[in-house]
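# Remarks on the overall topology
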Amino acid sequence: MCSIAGIISFNPNHVDPAILGKMNEVQQHRGPDGEGYYFHQQQDIHIGFGHRRLSILDLSDASAQPFRYLDRYVMIYNGEIYNYKEIRAELHSKGYSFRTTGDTEVLVAAFDAYGENCLDHFDGMFAFAIWDEQTNKLFCARDRFGEKPFYYHYNEKDQSFYFASEMKALFAAGIEKSPESSMLYNYLTLGSTKLPNKPEQTFYQHISQLGPSHQIVFEPLKQPPVISRYWDLDKETVLDMPEDQALEKFSELLGLSVQRRMRSDVSIGTSLSGGLDSSSIVALAAERTDQQYSHQCFSAVFPGFEKDESEKIRKVAGHFNLSSHTVIPTAELFSEQLEQILFFQEEPIGSSSVFAQFLIYGKAKEQGVKVLLDGQGADELLGGYTKYTHWWLQEMIRSQGWSTANATAAQFKENGFLMNWNWKNRVAAMMPGLTATVLKKKALRIQRSNAFIDKEWAASCYDQGSVFKPIVDKLNDIQYADLMIQGLEELLRYADRNSMAHGRELRLPFLSHELVQFVLSLPPSYRMKNGFSKWILRKSMSDKLPADINWQKGKIGFEPPQQLWMAHESVSPRIFASRQKLVDLHICTPEVLKKPVVARGAHDEDNFDFRCLTAGLWL
């Protein structure tokens, strides 16, 4: 886990050691354990790489980067290839030898062996760049779900290509820092942080992001950077597999994922929210005998808040004999550290949950735990959000009829996994295309009806194509949209920036691509069954977790008391100050300054004042 930075240009003034030094410096939180550089000229091409290292595997200098291989390739890399031992053994059989014990050398050797198809072999999170001195070609790639970031800027005029782990490194290199109005408009009105019709777009005009599951090939003497997708999730194939075999295979894949993600030469701990997902990871980690497992867990608690899960955290920690470390986020701390959060996040955030997560990783740093396992991704994979129950029932109406769907709905409602099920859902089940159109029109109407957004500014930002509502014919459709189009990537951005702000590495066992593909290939009834979401996970963990944790009813998201915080004397004045900033920039109308603060919860839809707060500070 590290930071990368690079410049390739025909202009030698662009590839300046001082510039690469600045790019490395502003990303040093991602790699506090060392730094390195590579400068090279071939024909008229000037190349410069910078790297900051967070040492996790092979702590010796042998794996330091930029990493030179076969006197041909030079690589900089951020992430982990979890199955590096298996790939190394495979490459050994092909005649490759290795001088290091980590994954860095394995990655670049795999590129030499398989070319661009090396990506098919990797189970991991990564963003990397490899320069081939023989072919004058740059190859870059980002992992399948977007756990690790990759930002870039291409100047077509002088064919200069800049890239980095974080946008602040590109600003340090002189790239113009101009906010992208359409992104800001969608954020303020709808809470969106991505444009599905322009997945490469960031909140800045001149900076793009490489999408998850995408690669870049750049041949400076021949053509501009070529971007393509190397992997996609198959949401159509359905496996005909008996329940017992499905359970066995699921347990095998999840166990293997945890095993691989516990490979480390530094201490490992776990995040623990008290919910099913993180508790399952804790249970599986407890079965391992890995020497680096510290048996420590890290949590955020909110005393007195109705959604506080302190008791569950204590129960799980006690059950597995873990040393439990907790943080208590408060309104005062939130107000005090919000600018710092936005500095690391670089773009506006969806809720104050991001702040609570930030404090957890800070606590891990205090305790000297460098790697954390986390249950993120399980909701999107296993149907954990209550909205998924709606879509599953609508699929059931078409496939099994209303009476079966109604009986199933009653089970889920009784267990707290179904809200607001009514005649509209029955209509939506029969007309999914129309439903998508209606939902999109509703979102556009919400945008246009916001009385506090300046009309002239809104007109300059409005893009009907930027609002995305998938046509959902089956449960897999909405899960695919969340996993691969918008939803998960936003949460992964929060997690990456928060953990790396403290020089911590976060590993997510539920996002093994083999596991994800397997689960989405099973009949949806293996995810939603007997009134419970995540049924296959609950079934597989039934002999590992306390019953009241494993079969807990209702969905409690990771949520601080944001509604109380926004009304607090330390936060409320800051909302008005941010509103003033938005008025001064002619983004909001002056009437917004007269509007009382409307405090909302972290997961409430109408979070306009929270968005104003963060947007004003971000700007």
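## Focus: empty space enclosed by the protein
Within the structure shown, the criterion is met by 6 cavities of 30 Å³ or more. The space that makes up the largest cavity amounts to roughly 150 Å³. Lining the largest cavity are 17 residues, with Y151, Q209, E347, E489 and R493 positioned closest to its centre. Ranked by the residues each element gives to the lining of the largest cavity, the list is headed by helix 18 (residues 488-501), at 5 residues. Of the residues assigned to the lining of the largest cavity, the class counts are 5 nonpolar, 4 polar and 8 charged.

## Points about helix 2 (residues 84-93)
For helix 2, the full list of buried residues reads Y84, I87, R88 and L91. Projected down its long axis, helix 2 shows its buried positions confined to an angular sector of 100°, all on one face. Packing partners of the buried residues in helix 2 comprise strand 5 (73-81) and helix 3 (104-114). In the stretch just after helix 2, G95 is the one whose phi turns positive, near 100°.

## Side note on the layout of surface pockets
Size it by volume and the second largest pocket reaches roughly 280 Å³. Lining the second largest pocket are K168, F171, K177, P179, Y204, E339, L342, F343, E346, L617, W618 and L619. Going through the elements one at a time, helix 4 (167-172), helix 9 (331-345) and helix 24 (608-618) are the ones with two or more residues in the lining of the second largest pocket. Among the elements that take part in the lining of the second largest pocket, helix 9 stands out by supplying 3 residues, more than any other. Residue composition of the lining of the second largest pocket, grouped by class: 8 nonpolar, no polar and 4 charged.

## Here we look at the pairing of strand 5
Most of strand 5 sits inside the fold, with 9 of its 9 residues counted as buried. In terms of strand pairing, strand 4 (residues 67-69) meets strand 5 through 3 bridges, oriented antiparallel. Across the sheet, the residue bridging to R68 is V74, located in strand 5. Hairpin connection from strand 4 to strand 5: 3 residues lie between these consecutive antiparallel strands, with L70 at a positive phi of about 55°. Bridging between strand 5 and strand 6 (residues 124-132) involves 9 bridges; their strand directions are antiparallel. Among the inter-strand pairings, I76 is bridged to a residue of strand 6, identified as A129.

## Notes on a positive patch on the surface
The grouping of K424, K442, R445, R448 and K469 at the surface amounts to a positive patch. Of all the elements, helix 15 (residues 432-448) adds the most residues to the positive patch, at 3 residues. Along the chain, R448 falls in helix 15.

## Structural notes on the sheet that holds strand 13 (residues 268-271)
One open sheet holds the 5 strands; their spatial order is 15-14-13-16-17, and the pairing between them is parallel. Looking along the sheet, the strands with just one partner apiece sit at the ends: strand 15 (323-327) and strand 17 (505-507). Neighbour-to-neighbour, the strand axes of this sheet turn through a mean angle of 30°, independent of strand direction. Where strand 16 (residues 371-373) and strand 17 come together, 3 bridges link them in parallel fashion. By the bridge assignment, V371 is partnered in strand 17 with E505. Running at roughly 155° to strand 13, helix 7 (residues 276-286) makes contact with strand 13, strand 14 (293-300) and strand 16 of the sheet.

## Examining the sheet that holds strand 9 (residues 160-164)
Here 6 strands make up an open sheet; going across it, the order is 2-3-1-9-8-10 and the pairing antiparallel. Looking at which strands have only one partner, the edges of the open sheet turn out to be strand 2 (34-42) and strand 10 (208-209). As judged from the 4 bridges shared by strand 1 (residues 2-9) and strand 9, these two strands associate in the antiparallel manner. What sits directly across from G6, in strand 9, is F163. Relative to strand 1, helix 1 (residues 17-25) is tilted by about 155°, and along the sheet it contacts strand 1, strand 2, strand 3 (45-53) and strand 9.

What counts, and where the lines are drawn
Residues numbered from 1 in each chain as written. Predicted model: local features only at pLDDT ≥ 70, side-chain atom pairs only at ≥ 80, totals over all residues. Heavy atoms only, no water. 1 Å grid on protein atoms, 1.4 Å probe; cavity = no way out; pocket = protein on both sides within 12 Å on 5 of 7 lines; lining within 4 Å. Points joined across faces, edges and corners; volume = space filled by probe spheres on them. Helix = DSSP H or I, 4+ residues; strand = E, 2+ residues; numbered from the N terminus. Nonpolar A, V, L, I, M, F, W, Y, C, P; charged D, E, K, R; others polar. Buried < 20%, exposed > 50% of the residue type's maximum accessible area, 1.4 Å probe, protein only. Arc of directions from axis to C-beta. Contact = heavy atoms within 4.5 Å. Pairing = 2+ DSSP bridges. Patch = residues over 30% accessible without salt bridge, like charges linked within 9 Å, V, L, I, M, F, W, Y side chains within 5 Å. Areas by Shrake-Rupley, 256 points an atom, 1.4 Å probe, with all protein chains shown as cover. Salt bridge = Lys/Arg side-chain N within 4 Å of Asp/Glu carboxyl O. Lys, Arg positive; Asp, Glu negative; His and termini not counted. Charge placed at Lys NZ, Arg CZ, Asp CG, Glu CD. Axes fitted to C-alpha atoms, helices over the stretch in contact; angles between N-to-C directions.

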